[in-house]
Amino acid sequence: MSTTLFNDDILGVVLDAGSQNMKAGFAGEPSPRAMVPTTVARFRRDGLTDGIPQIYCGTEAIKKRGISKMVWPVREGMIQNWDEMEKMWHYIFYKELHVPPENSRIMHSVHPLTPKSDKQRMAEILFESFAINGLYLAKSPTLVLNAYGRTSGVVYENGYACSYAAPVFEGFPMKYATVTSPVTGKMLSDRLQNLMFKAGYSFTTPYEIDLIDQIKKDICYISQDYATELTASSGYESKAKYNLPDGQHIMLGQERFLCPEVLFKPELEDLKCRNIIDSICRSIDMCDLEYRPLFYNNIVFSGGTSLTTGLVERVTRELTQILKKNLPDVTLKVDAMEMRKYAAWAGGSMLASFPNLREFWFTKEEYEDVGSERIKFKFF
Ligand SMILES: Nc1ncnc2c1ncn2[C@@H]1O[C@H](COP(=O)(O)OP(=O)(O)OP(=O)(O)O)[C@@H](O)[C@H]1O
Ligand SMILES: [Mg+2]
C-alpha cells in the first residue's frame, strides 16, 4: 500500500467514459472540467495532410468529421476499441486536463457488467502506457448512489447506449439483479428521426442528426396521460414551432411525446423487452424480500436520457400505483438530482477525495509486484 498516493503532488483524476460523452475532471470538484464526445477521428486520405496531426479526439474530432473516419471506442458502456481508447485517454490527460498522467491517480467508472478481462486491460494500459500512480475502478451505480449521498438503493441509468436498473447494497452492486434494456438515448433519437420523417422532415446528415438530438432534448417530453393526449393532440393547433439554426422552422405535435413513450411502451418499436417500470420492479424482485422497503425507498436516476421532461413524475406515479396495490406497507421515494447527467462522475469525484479509502486503491507498486491479475480481488 502506498502512502504517497494522497500527496499534494499526485492529482486525483476522475474519468467516466460514456458511449457518447467522456466526463473528466479532478477529485473533490463538483463537476467535470471536460465533457467531450468519446470519439477519435482519422483523416480518410493520407498525403494531403503533411505537418498537421492525423488524429483528432473529442470536440476536435467532431469538427473534422466531414473529412475523417470516426471511431467511437466505447459501445454500450464498455470499451470495444482499445487502441482508440488509448488515444482518447491521452487526449484527456494532455489536451483537456493538462495533467501528466505520471503525476496522477485515476478513479475510473466502469459499467456494472464489465468483464474482469476488460478491467485488467484497463489497468495494463493505464499503468504501462501512462505510468499512473494508482487506479480505482468503481462500478457506475455505486458512484451514482454516492453522488446522492447513499450506499444502498436502485439506480435507474439511461445514457446514450446504456439503459439498466441496478440495485446496490452497502456499496456493492448486485450484478445478478441488474436488468438491462435496449431503450436508450440513441434509440430515442433514431425514433424521433423516423417520426419526423413521417411528418415530412428528412434529417439525415451528421449535422442534422445532431440537430435531432438537440430537438429531442429541447421539446420532447413524457406524457402524463398518454391515451388522452394521443386523441386530444391531433390538430395543427397542438403543434409546437421549433426554430432551426439556419432561420427555418419545423412544426412538431404528437412526435414530441410519442418519441420517449417507448420507454414505457417498448412495443411501439416492436421490442419484446421490459419497460422502465417493469425493469425497476424486476431488479428489486430479484433481490432478497427483506431489501424491498429499502430499495423502493431509494430509487435514483442518472444519465442524460433520465433528464427527459416528465420522466421522473410518470415513473413516480406508476410505481406509486403498483405499490399501493401490491405492497401497501412500502414507501416509495424517487430522487433525481439536477446534475444527473454526470452523477457517476460526481460520485467518483467524492469517493476519490476520501483519503480513508486509500487501501482500496490499486497502486503502481502493487501493479509492479503482482501484475494486473490482482484486479480480480481488488475490484470485483
Ligand atoms: N435534457 C435531455 N433530455 C433528454 N435526453 C437528453 C438530455 N440531455 C442529454 N440527453 C441524452 O442523453 C444521452 C447522453 O447521455 P450520457 O452523457 O449520460 O451518455 P453516455 O454516458 O455518453 O453514454 P452511456 O452511459 O450510455 O454509455 C444522449 O442520447 C442525449 O440525447
Ligand atoms: Mg454514461
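Described below are features of the structure shown in this document. (Residues numbered from 1 in each chain as written. Chains lettered and ligands numbered in written order. Predicted model: local features only at pLDDT ≥ 70, side-chain atom pairs only at ≥ 80, totals over all residues. Heavy atoms only, no water.)

**A look at the site of ligand 1**
Neighbouring ligand 1 are 20 residues, the closest being Ser-19, Gln-20, Asn-21, Lys-23 and Ala-161. Spatially, ligand 1 is embedded in the second largest pocket. Only β2 (21-26) and α6 (206-219) provide two or more residues apiece to the shell around ligand 1. The leading source of residues in the shell around ligand 1 is α6, at 3 residues. A per-class count over the shell around ligand 1 returns 4 nonpolar, 11 polar and 5 charged. (Near = heavy atom within 4 Å. 1 Å grid on protein atoms, 1.4 Å probe; cavity = no way out; pocket = protein on both sides within 12 Å on 5 of 7 lines; lining within 4 Å. Sits in = over half its atoms within 2 Å of the grid points. Helix = DSSP H or I, 4+ residues; strand = E, 2+ residues; numbered from the N terminus. Nonpolar A, V, L, I, M, F, W, Y, C, P; charged D, E, K, R; others polar.)

**Side note on empty space enclosed by the protein**
Enumeration over the complete set of coordinates arrives at 1 cavity of 30 Å³ or more. Looking at the largest cavity, its volume works out to about 70 Å³. Surrounding the largest cavity, Tyr-156, Ser-163, Tyr-164, Ala-165, Ser-181, Val-183, Leu-263, Pro-266, Arg-274, Asn-275, Ile-276 and Ser-279 form its lining. Residue assignment for the lining of the largest cavity shows that the elements contributing at least two residues are β12 (163-169) and α9 (276-285). Looking at the lining of the largest cavity, the element that brings in the most residues is β12, giving 3 residues. Classifying every residue of the lining of the largest cavity by side-chain character gives 7 nonpolar, 4 polar and 1 charged. (Points joined across faces, edges and corners; volume = space filled by probe spheres on them.)

**Let's talk about the sheet that holds strand β4 (residues 40-43)**
To summarise the sheet geometry, strands pair through backbone hydrogen bonds and adopt either a parallel or an antiparallel arrangement. Spatial strand order, β5-β4-β6: 3 strands in an open sheet with antiparallel pairing. A strand with exactly one partner marks an edge of an open sheet, and here the two such strands are β5 (55-57) and β6 (68-71). Across the sheet, the mean angle from the axis of one strand to that of its neighbour is 25°, orientation sign disregarded. Lying over the sheet, helix α2 (residues 82-97) contacts β4, β5 and β6, oriented at roughly 105° with respect to β4. (Pairing = 2+ DSSP bridges. Axes fitted to C-alpha atoms, helices over the stretch in contact; angles between N-to-C directions. Contact = heavy atoms within 4.5 Å.)

**Some thoughts on the packing of helix α4 (residues 140-147) against helix α12 (residues 343-352)**
Their axes nearest at 7 Å, the elements α4 and α12 cross at an angle of 75°. Regarding the angle of α4 to α12, the classification is roughly perpendicular. Each of Ser-140, Leu-143, Val-144, Asn-146 and Ala-147 in α4 lies in contact with α12, whose residues at this interface are Ala-343, Ala-344, Ala-346, Gly-347, Gly-348, Met-350 and Leu-351. In terms of residue class, the contact of α4 with α12 is built from 8 nonpolar, 4 polar and no charged. (Parallel < 35°, antiparallel > 145°, perpendicular 65-115°, else oblique.)

**A closer look at the layout of surface pockets**
Empty space within the largest pocket amounts to approximately 880 Å³. Surrounding the largest pocket, 28 residues form its lining, Gln-20, Trp-72, Tyr-160, Ile-209 and Asp-210 being those nearest its centre. Within the residue set of the lining of the largest pocket, elements represented by two or more residues are β3 (34-37), α1 (58-63), β7 (74-75), α5 (185-198) and α6. In terms of residue count, the dominant contributor to the lining of the largest pocket is α6 (7 residues).

**Here we look at the sheet that holds β3**
Strand order in the open sheet formed by 6 strands is β3-β2-β1-β9-β10-β19, with mixed pairing between adjacent strands. Looking along the sheet, the strands with just one partner apiece sit at the ends: β3 and β19 (362-363). Where strand β1 (residues 11-17) meets strand β9 (residues 104-110), 5 bridges bridge the pair, whose relative direction is parallel. Residue pairing across strands places Val-14 opposite Met-107, the latter belonging to β9. Against the sheet, α2 touches β1, β2, β3 and β9, its axis set at about 45° to β2.

**Considerations on α12**
Summarising burial for α12: 9 of the 10 residues are buried, a large majority. By the burial criterion, the buried members of α12 are Ala-343, Ala-344, Trp-345, Ala-346, Gly-347, Gly-348, Ser-349, Leu-351 and Ala-352. Along its buried surface, α12 packs onto β1, β2, β9, β10 (134-139), α4 and β17 (299-302). (Buried < 20%, exposed > 50% of the residue type's maximum accessible area, 1.4 Å probe, protein only.)

**Let's talk about the environment of Pro-32**
The topology assignment puts Pro-32 in the loop between β2 and β3. Overall, the relative accessible area of 13% leaves Pro-32 in the buried class. Sequence separation between Pro-32 and Val-13 is 19 residues, and the spatial gap between their C-alpha atoms is 9.9 Å. Ignoring sequence-local partners within four residues, the contact set of Pro-32 consists of Lys-23, Ala-24, Gly-25, Tyr-342 and Trp-345.

**Details of the side chain of His-111**
Turning to its location among the elements, His-111 is positioned in the loop between β9 and α3 (116-129). Note on His-111: relative accessible area 9%, which makes it buried. Within the structure, the side chain of His-111 is placed 2.9 Å from the backbone nitrogen of Leu-113, a separation counted as a polar contact. The contacts of His-111, once residues within four sequence positions are left out, are Glu-76, Gly-77, Met-78, Ser-140, Cys-162 and Tyr-164. (Polar contact = N/O pair within 3.5 Å; in protein donor to acceptor, adjacent residues only side chain to side chain.)

**Comments concerning the pairing of β1**
Of all 7 residues making up β1, 6 are buried, and the element is well covered by its neighbours. The pairing of β1 with β2 spans 5 bridges and is antiparallel. Note on β2: the bridge partner recorded for Leu-15 is Ala-24. Hairpin remark: β1 followed by β2, antiparallel, with 3 residues in the connecting loop.

**Remarks on the environment of Ile-222**
Positionally, Ile-222 belongs in the loop between α6 and α7 (226-232). Overall, Ile-222 belongs to the buried group, its relative accessible area being 3%. Measuring from C-alpha to C-alpha, the distance between Ile-222 and Pro-355 comes to 42 Å, with 133 residues separating the pair along the chain.

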